[in-house]
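Coordinate inspection notes
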Amino acid sequence: MFKKFFWLLLIIILVCLNWFSKVSAQDLSSLSAEDQAALVEMYQQRTTGQSADGVDSYQSPQVYETNPEIGLPVADGLAAGGKESPYAASEDLSSGGTSQRLTAFESLRPFGLELFSGPREVSPPNDIASASDYILGPGDNLIVALWGQVEKEYALTVDREGKIFVPRLGELIAWGKTLGDFERQLKKKFAGVYSRFDMTVSLGKIRSIRIYLTGEVNRPGAYTVSSLTSLFNALYLAGGPTENGSMRDIRLMRSGKRVAGVDLYKFLLEGDNSSDIRLESGDAIFVPVAGPRVAVRGKIRREAIYELTKDQSALDLLTLAGRATADAYLDRVMLDRIAGRGEWEVLDLNLNTARPDSVVDVAMLDGDRLTVFSVFEMKTNMVSVFGMVKHPGFYERGDSARVSYLIDRSELQPYDVYLKRANLFRRHADWRTEVLSINLSSILNGSSDQDVLLEDGDSLHIYSVRDVAWERHVYIEGEVKNPGRYPLHDNMTVSDLIFLAGSHKRSASMLRAEVARVDSLGEVSLQFVGLRESDAGQAVLEEDDRVYVRRIPQWQMHRTVRIDGEVLYPGEYVLSSREETLYQLIMRAGGITDQAFPEGTIFERRSIGENLVRQNIPRLLERSSPLREDSLGHVTRQMLFEYEPESMNRIVLDVNEVLARRGGPVDVKLEPGDKIFVPTRPSGISVLGAVGSNGTIAFRQGEKVKYYLRRAGSFTRDADKDGLRLIKANGEVYSGNGTQGKHVDMGDIVVVPTKIHKDRNWTKTLGTVLTTTTGVLTSILLIDRL
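In what follows, the accompanying structure is described. (Residues numbered from 1 in each chain as written. Predicted model: local features only at pLDDT ≥ 70, side-chain atom pairs only at ≥ 80, totals over all residues. Heavy atoms only, no water.)

Structural notes on the sheet that holds strand E23 (residues 473-478)
- Read from one edge to the other, the open sheet built from 5 strands follows the order E24-E23-E27-E25-E26, with strand pairing classed as mixed. Each edge of the open sheet carries a strand with a single partner, namely strand E24 (484-487) and strand E26 (524-529). For this sheet the average axis-to-axis angle between neighbouring strands, irrespective of direction, equals 25°.
- For E23 and E24, the ladder comprises 4 bridges, and the chain directions are antiparallel. Opposite Tyr-475, over in E24, you have Arg-485 as the bridge partner. (Pairing = 2+ DSSP bridges. Helix = DSSP H or I, 4+ residues; strand = E, 2+ residues; numbered from the N terminus. Axes fitted to C-alpha atoms, helices over the stretch in contact; angles between N-to-C directions.)

Laid out in structure tokens, this is it:
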């Protein structure tokens, strides 16, 4: 009885569950709107794990299709994946049907990295050891087996000199030969000793080599490997290139030179391993940073990031990616590209080679992103806007949508928007592109003339002011802290420009500044503006104006001179006026001391040498030097002396007379930078040069130069008596005849130069004379006979 009741209850429950599960669309429509919304949310939570409004902020909204049975939406995944571009949210637009699942560009990896994702290879396969192209080297062990009439086996090792000693054959060179070549050589040698035999040569113990892997590899460093290791083996050993490393320009460096380059794409796409060469000791494998890269996703067989070589186009990229799938819509392939000023732009390409006349292909650039849509999911009723808007991207187009609708949805940037013109690009059915000029100002003011009705695929590009207008500048030079070029702003005045330039200096003349302006005809006009705020603030600048702030006439911040030596208060002094003289300065310094030697005062003026340089005097002296031609015909300029502008800075003057007259006509006006040195009274007269003994001789009143020469041991054999010089303490110099009779005063210096000896080759001179004489006599003889 209990069993019957149990089975009856079970049957009733199953029937009820079956009846509740068959809810028709009519039954559902009888529910209230609130009940239907609650049912939709419950169904969505079961299928997506999110509430109706709980879409992740970094993903595009869900796209749903309608279940024909019960009218409930069915989630079909994210339409655009991650947030890979400024208009990623537009990926949810669809004309109906199932939305395409697009892989986020950020989730794509460089093509080919999976080749090195397997277990780390420690050594090359053992079967490589029998390869006949293996190159022998020191340390290799060879096993030689002979059979037939003779039965022998040898274990031979290549020594450090690359030789192998073979019994009954002697030494043979093996270094640098392949295993096959050495086997043929050895068999030929044995044939001279044995007959009717056969022979094999195989590798025994293999030598080790040291190689290096550098650059963008996962495990860079030095590796000790067997000599059988190839380039591919070494790459596996180092974990392959990193995500930043190149797969198409791997370089094998040997002795500092590139001996091979490897493009792994040939191996990955064609199975071509001809570039997998064996390594030698000291080889370096360098993996540079990857070249230009592009990404491709959508209806393509291999979604990935691909490295490009020169001049590869979008069609070439499809080939690298394994070609498009059968349902790819190639009439419109979307290319995302970084345009100027860091903005995104979208290009529509036609890569359908079935209609060659309509193909629109472009060269790919670094950073390009290609999206191939499905023929079943191609988006229609879609327009786009890019440029100076807050929300660039794609938007759904209604039947009555106009440009104003697109502007309202995308929101113009609050600054730097060029309102006089935007471009509306319209693609026609025959793939022609038309450009429509749109005046944004008119639309914003409510005018309907420019508010064009949008068509499917229209793209509006809004430019910045700096995109279409040239940069306007003004210039300022002179007595400001930061002279140079500055951007011209609206209603900018001279006062504004001076402020931007860091304000004027203390030395600036406030009376006036000069403004040079060039009009449209190239005519120059000058304006003079005072630098007071009331004047400079009223002078409005125009494009390319040049402002010159002049210096106060004869301005110098600190007009200083320096006096050192035997004065009471040596040091630096600021000139009290432009008329201050040497005598007045000495008096300000407390006068000279008892130990002073005023006759030897050194007065240096820096401006003298500077002025000579400005007058190009050193260059004129160089050009006036004589030219000399050597025996080979080379002409050189003979420098008779070395000119030093600093040596011209001294002014010769009689300070005793200046002091005696308390200035007067012999006094000198001082200039900023002058240096005065009053020496101590000297001990005697210095005699230098080609004399018996150089030194200082006690001064004796009334004596002449010859007296001091005699005291110094007179002239030496090499002395140039004609070049004798007497240098007075005040800087005057006496030379030439009569110098020995000049009177010498305290502090004078006597200089005796050395003769310049000229080497004469009398043999060569005599030979030249004889040759010339013989030529002349021969000419006379010929003339006489004729």
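Considering a positive patch on the surface
- There is a patch of like positive charges on the surface, built from Lys-704, Lys-706, Arg-710 and Arg-711.
- Structurally, Arg-711 is set in helix H17 (residues 705-711). (Patch = residues over 30% accessible without salt bridge, like charges linked within 9 Å, V, L, I, M, F, W, Y side chains within 5 Å. Areas by Shrake-Rupley, 256 points an atom, 1.4 Å probe, with all protein chains shown as cover. Salt bridge = Lys/Arg side-chain N within 4 Å of Asp/Glu carboxyl O. Lys, Arg positive; Asp, Glu negative; His and termini not counted. Charge placed at Lys NZ, Arg CZ, Asp CG, Glu CD.)

Digging into the pattern of salt bridges
- Under the counting rule described, the total for this entry stands at 33 salt bridges.
- Between Lys-299 and Asp-327 there is a salt bridge; the shortest N-O distance is 3.3 Å. Here Lys-299, found in the loop between strand E13 (293-298) and strand E14 (304-307), pairs with Asp-327, found in the loop between helix H7 (314-320) and strand E15 (328-338); they are 28 residues apart in sequence, far enough to count as distant.
- A relative accessible area of 18% means that Asp-327 is categorised as buried.
- Through salt bridges with shared partners, a single ionic network connects Glu-161, Lys-163 and Glu-171. (Buried < 20%, exposed > 50% of the residue type's maximum accessible area, 1.4 Å probe, protein only.)

With respect to the environment of Pro-570
- Topologically, Pro-570 is positioned in the loop between strand E28 (560-565) and strand E29 (571-574).
- Judged by its relative accessible area of 45%, Pro-570 is partly exposed.
- Contacts of Pro-570, omitting those with residues within four sequence positions, involve Ile-563, Asp-564 and Gly-565. (Contact = heavy atoms within 4.5 Å.)

Things to note about a nonpolar patch on the surface
- A grouping of Val-518, Val-524, Leu-526 and Phe-528 is seen on the molecular surface, where their side chains present a nonpolar patch of about 390 Å² in accessible area.
- Counting residues per element, the nonpolar patch draws most heavily on E26, which supplies 3 residues.
- Position of Val-518 among the secondary structure elements: in strand E25 (residues 508-518).

Things to note about the layout of surface pockets
- Quantified by volume, the largest pocket comes out at close to 920 Å³.
- Residue lining of the largest pocket: 39 residues in total, with Arg-332, Asp-348, Arg-427, Gly-457 and Ser-459 positioned closest to the centre.
- Residue assignment for the lining of the largest pocket shows that the elements contributing at least two residues are E15, strand E16 (344-349), strand E18 (382-387), strand E20 (422-427) and strand E22 (459-462).
- With 5 residues, E16 is the largest single contributor of residues to the lining of the largest pocket. (1 Å grid on protein atoms, 1.4 Å probe; cavity = no way out; pocket = protein on both sides within 12 Å on 5 of 7 lines; lining within 4 Å. Points joined across faces, edges and corners; volume = space filled by probe spheres on them.)

Notes on the nonpolar core
- Grouped together as the largest cluster of nonpolar side chains are 46 residues, with contacts concentrated most on Leu-213, Leu-235, Ile-285, Tyr-306 and Leu-370.
- When neighbours within four sequence positions are excluded, Leu-370 is seen to be in contact with Phe-105, Ala-295, Val-296, Arg-297, Ala-314, Leu-317, Leu-318, Val-333, Met-334, Leu-335 and Leu-349.
- Counting 23 residues, the second largest nonpolar core, distinct from the first, contains Leu-136, Val-144, Leu-179 and Leu-186. (Core = buried A, V, L, I, M, F, W, Y, C linked by side-chain atoms within 4.5 Å.)

Considerations on the pairing of E28
- Direction of pairing for E28 relative to E29: antiparallel, over a ladder of 4 bridges. Its bridge partner lying in E29, Val-561 is registered against Tyr-573.
- What sits between the antiparallel neighbours E28 and E29 is a turn of 5 residues.
- By the bridge criterion, 4 bridges tie E28 to strand E34 (residues 675-678) in an arrangement that is parallel. Among the inter-strand pairings, Asp-564 is bridged to a residue of E34, identified as Phe-677.

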